[in-house]
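Remarks on the overall topology
So the chains spell out like this:
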Amino acid sequence: MKRLVLCIFLLTKIACFGQGEDDHINWSYNKYSFAIDDKWKMDILPKIRLNQNFTNLQNAMIDYKIKRPIGHGVTLGVLGRTWFIPNEKMRQFIWFDIDHKIPTPEISLNLSQRLRYHWGLDINDRIDRDFLRYRFVLGYIFDNCFIQPFIGAEPFFRLNGVNYFERLRTEFGFNFKANKNLTLTAFLSKEDFYDLEDVYTNFLWFTGMSYTFDQPLFKNKKIDN
């Protein structure tokens, strides 16, 4: 309980530094993960976003990711995101991921990193930006405790011939492992934009539930001789 109170206290203190900034935005999601077979896995993530300090429905979206571990802690993945925006035409992104979990058998740390190619499709009379993104997350594993706090950072390197670091996300939060299938997550991400014409900050409050199914969709069938 003391560790949970400490996590909430730190989140609150970080939020106090954000008062007076541009916007506080909430991202809420449910993540459903399952194995397709013994090699391929899939995630489905419906999400909604509230902006203008949580008072306005900004948009809704659904993510769908297919991925495959290739060994040594490395997983390759392709993710699509379809945005549904009130009073606007939908947007579409495709992301190519390389995820890597760094083994830490001798210390109580959880290290992971991800390299992402962020491709925004230019559809419905909208030109979307493309990025290279690198995310690094450091988590701490308490003994005999389901709460796992973490910190992370993710810079966005703008492509499209512009070639500069457009924004940086820094985050702090925690995972609560309810059981082997269900995890609850809450974290705050400070998002600093270094635009060519303006510099501003948003605060993204993430709240989510992740559920992993035990059984794969397709099993290898044994053939009786």
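My aim in this report is to walk through the structure given alongside it, one point at a time.

Before going further, it helps to examine the overall build of the protein. Of the regular secondary structure elements, the protein holds 1 helix and 11 strands. Starting at the N terminus, the α and β elements of the protein follow one another as α-β-β-β-β-β-β-β-β-β-β-β. Per-residue burial for the protein yields a buried fraction of 37% across its 225 residues. In the protein, once contacts between residues fewer than 6 apart in sequence are set aside, the share between residues at least 24 apart is 46%. Working note: accessible area of the protein is about 13,900 Å², and carbon and sulfur atoms make up 60% of it.

A few words on the pairing of strand 8 (residues 147-158). Consecutive residues of a regular strand have side chains that alternate between opposite faces of the sheet. Relative to strand 8, strand 7 (residues 131-140) runs antiparallel, the two being bridged by 7 bridges. Within strand 8, the residue paired with Val137 across the bridge is Gly152. Counted between consecutive antiparallel strands, the loop separating strand 7 from strand 8 contains 6 residues, among which Asn144 sits at a positive phi close to 55°. Across 12 bridges, strand 8 lies against strand 9 (residues 164-177) in antiparallel orientation. Looking at strand 9, one finds that Pro149 is bridged to Phe174. With antiparallel pairing between neighbouring strands as the criterion, strand 8 and strand 9 make up a hairpin whose turn holds 5 residues, including Asn160 at a positive phi of roughly 60°.

With that settled, the discussion passes to the sheet that holds strand 11 (residues 199-212). Taken together, the 11 strands give a closed barrel; going around it, the order is 1-2-3-4-5-6-7-8-9-10-11, and neighbouring strands pair in mixed fashion. Within this sheet the neighbouring strands show an average axis-to-axis angle of 20°, counted without direction.

Here we come to the pattern of salt bridges. In this structure the tally under the stated criterion is 21 salt bridges. For Asp128, the salt bridge is made with Arg91, and the minimal N-O distance between the two is 2.5 Å. In this pair, Asp128 is assigned in the loop between strand 6 (109-120) and strand 7 and Arg91 in strand 5 (residues 91-102), connecting sequence segments 37 residues apart. Arg91 matches Asp128 in its accessibility class, with the two residues each being buried. One salt-bridge network, in which partners are shared between bridges, spans Arg129, Arg158, Glu166, Arg167, Arg169, Glu191 and Asp195.

To continue, consider the environment of Phe93. Considering the arrangement of structural elements, one finds Phe93 in strand 5. Assessed through its relative accessible area of 4%, Phe93 is described here as buried. Once you skip the residues sitting within four places of it in the chain, Phe93 turns out to touch Leu79, Gly80, Arg81, Trp83, His118, Trp119, Gly120, Asp128 and Arg129.

This paragraph deals with the packing of aromatic side chains. Per the counting criterion, the structure on display carries 12 aromatic pairs. Where Trp27 meets Phe206, the ring centres are 5.0 Å apart and the plane angle is 45°; that geometry is what we call tilted. Highlighted residues: Trp27 in strand 1 (residues 23-35) and Phe206 in strand 11, separated in sequence by 179 residues. Just as Trp27 is buried, Phe206 falls in that class too. Pairwise contacts between aromatic rings join Trp27, Phe150, Phe187 and Phe206 into one cluster. One residue, Arg167, lies across the ring of Phe156, its end atom 4.4 Å from the ring centre.

Judged by nonpolar contacts, Ile25, Trp27, Val137, Phe150, Phe187, Leu204 and Phe206 together constitute the single largest core of 7 residues. Sequence-distant contacts of Leu204, that is, excluding residues within four places in its chain, are made with Ile25, Trp27, Arg169, Phe187, Leu188, Ser189 and Glu191. Grouped together as the second largest cluster of nonpolar side chains are 6 residues, Met61, Trp83, Ile85 and Phe93 included.

Before going further, it helps to examine the side chain of Asp43. Considering the arrangement of structural elements, one finds Asp43 in strand 2 (residues 41-51). A polar contact is formed between the side chain of Asp43 and the side chain of Lys67, at a distance of 2.8 Å. In this structure Asp43 touches Lys31, Tyr32, Ser33, Asp63, Tyr64, Lys65 and Lys67, once residues within four positions along its chain are discounted.

Calculation notes
Residues numbered from 1 in each chain as written. Predicted model: local features only at pLDDT ≥ 70, side-chain atom pairs only at ≥ 80, totals over all residues. Heavy atoms only, no water. Helix = DSSP H or I, 4+ residues; strand = E, 2+ residues; numbered from the N terminus. Buried < 20%, exposed > 50% of the residue type's maximum accessible area, 1.4 Å probe, protein only. Contact = heavy atoms within 4.5 Å. Areas by Shrake-Rupley, 256 points an atom, 1.4 Å probe, with all protein chains shown as cover. Pairing = 2+ DSSP bridges. Axes fitted to C-alpha atoms, helices over the stretch in contact; angles between N-to-C directions. Salt bridge = Lys/Arg side-chain N within 4 Å of Asp/Glu carboxyl O. Phe/Tyr/Trp six-rings, centres within 6.5 Å; stacked < 30°, edge-to-face > 60°. Lys NZ or Arg CZ within 6 Å of the ring centre and 35° of its normal. Core = buried A, V, L, I, M, F, W, Y, C linked by side-chain atoms within 4.5 Å. Polar contact = N/O pair within 3.5 Å; in protein donor to acceptor, adjacent residues only side chain to side chain.

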